[in-house]
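Chain and residue survey
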Amino acid sequence: MIATEPLFAEWFETPLGDMVAAAADTHLHFLEFRDAATREKTLASLQARSRRPVVCRRNRVIDQIGTELADYFAGKSASFRTPLAPEGSDFEKNVWTELLKVPLGETCSYGDIARVVGGMETVRAVGKANGANPIAIVIPCHRCIGADGSLTGYGGGLWRKKWLLRHEGQMRPIGLFALGEAQ
């Protein structure tokens with residue numbers, strides 16, 4: 001069934017290149033890096049994947065994710081409060097829910113996620129679900145690494161994954177001040 005409610009799309013410049021966000025009136029559906037693709041190709045791709053019209057225009061949700069991304073890249077906050085509606089299978093959504101639980105500045109392995117969502121036989125499926133994540137950074141698939149600690153696969157490129165992990169490592173409070181101010 002094709003939805004008639006449009007998605008609104010907007011591009012954001014980031015230190016890692018352009019990103020496009022697409023949202024309905026209430027939830028963010030896509031946040032992706034866009035390298036060489038033209039805006040027309042990007043809109044056509046989003047429209048085909050979401051099976052709904054996509055319009056270049058801001059809305060409240062786009063404005064909210066824009067502010068949160070600016071704070072994230074400035075190192076001020078990694079708190080994303082924009083309501084999410086990623087489109088995918090139930091299994092993919094289970095993987096993405098587990099990824100949302102990985103704390104800032106930490107990583108997990110594909111096996112760690114697989115143990116929670118379906119057993120070790122689902123490791124490859126977890127990797128595939130990671131690659132299908134439609135909401136980069138906010139659903140932190142970049143925090144998922146190989147069991148040996150290696151940086152494996154990232155749809156935005158391994159160089160971006162490395163940058164994001166280093167950036168988040170610098171944002172994470174450590175030591176005595178990790179728990180906040182003394183009362």
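Note that the structure is a prediction, hence the values are computed from the model and not measured.

**Concerning the layout of surface pockets**
- In this model, the largest pocket occupies a volume close to 350 Å³.
- What lines the largest pocket is a set of 20 residues, and nearest its centre among them are Gly-131, Asn-133, Tyr-154, Gly-155 and Gly-156.
- Elements with a minimum of two residues in the lining of the largest pocket: strand S3 (28-33) and helix H5 (123-131).
- In terms of residue class, the lining of the largest pocket is built from 8 nonpolar, 7 polar and 5 charged.
- In this structure, the lining of the largest pocket is formed jointly by two domains, domain 1 (7-74) and domain 2 (90-171), each of which donates at least three residues.

**A look at the pairing of strand S1 (residues 7-12)**
- Summarising burial for S1: 6 of the 6 residues are buried, a large majority.
- Taking every second residue as pointing to the same face, both faces of S1 are buried, with Leu-7, Ala-9 and Trp-11 on one and Phe-8, Glu-10 and Phe-12 on the other.
- When S1 meets strand S2 (residues 19-23), the two strands line up antiparallel, connected through 5 bridges. Bridged to Trp-11 within S2 is Val-20.

**Considering the environment of Glu-92**
- Looking at the element boundaries, Glu-92 is found in helix H3 (residues 90-99).
- A relative accessible area of 18% places Glu-92 in the buried class.
- Separated by 40 residues in the primary sequence, Glu-92 and Ala-132 have C-alpha atoms spaced 7.8 Å apart.
- If we ignore the near neighbours within four places in the chain, the residues touching Glu-92 are Ala-129 and Ala-132.

**Focus: the pattern of salt bridges**
- One pass over the structure, following the stated rule, counts 7 salt bridges.
- In this structure, Glu-32 engages Arg-34 in a salt bridge whose closest nitrogen and oxygen atoms are separated by 2.7 Å. Both residues of the pair, Glu-32 and Arg-34, belong to the buried class.
- Linking Glu-106 and Arg-172 is a salt bridge whose minimum nitrogen-to-oxygen distance equals 2.9 Å.

What counts and how
- Residues numbered from 1 in each chain as written.
- Predicted model: local features only at pLDDT ≥ 70, side-chain atom pairs only at ≥ 80, totals over all residues.
- Heavy atoms only, no water.
- 1 Å grid on protein atoms, 1.4 Å probe; cavity = no way out; pocket = protein on both sides within 12 Å on 5 of 7 lines; lining within 4 Å.
- Points joined across faces, edges and corners; volume = space filled by probe spheres on them.
- Helix = DSSP H or I, 4+ residues; strand = E, 2+ residues; numbered from the N terminus.
- Nonpolar A, V, L, I, M, F, W, Y, C, P; charged D, E, K, R; others polar.
- Domains from an automatic or database assignment.
- Buried < 20%, exposed > 50% of the residue type's maximum accessible area, 1.4 Å probe, protein only.
- Pairing = 2+ DSSP bridges.
- Contact = heavy atoms within 4.5 Å.
- Salt bridge = Lys/Arg side-chain N within 4 Å of Asp/Glu carboxyl O.

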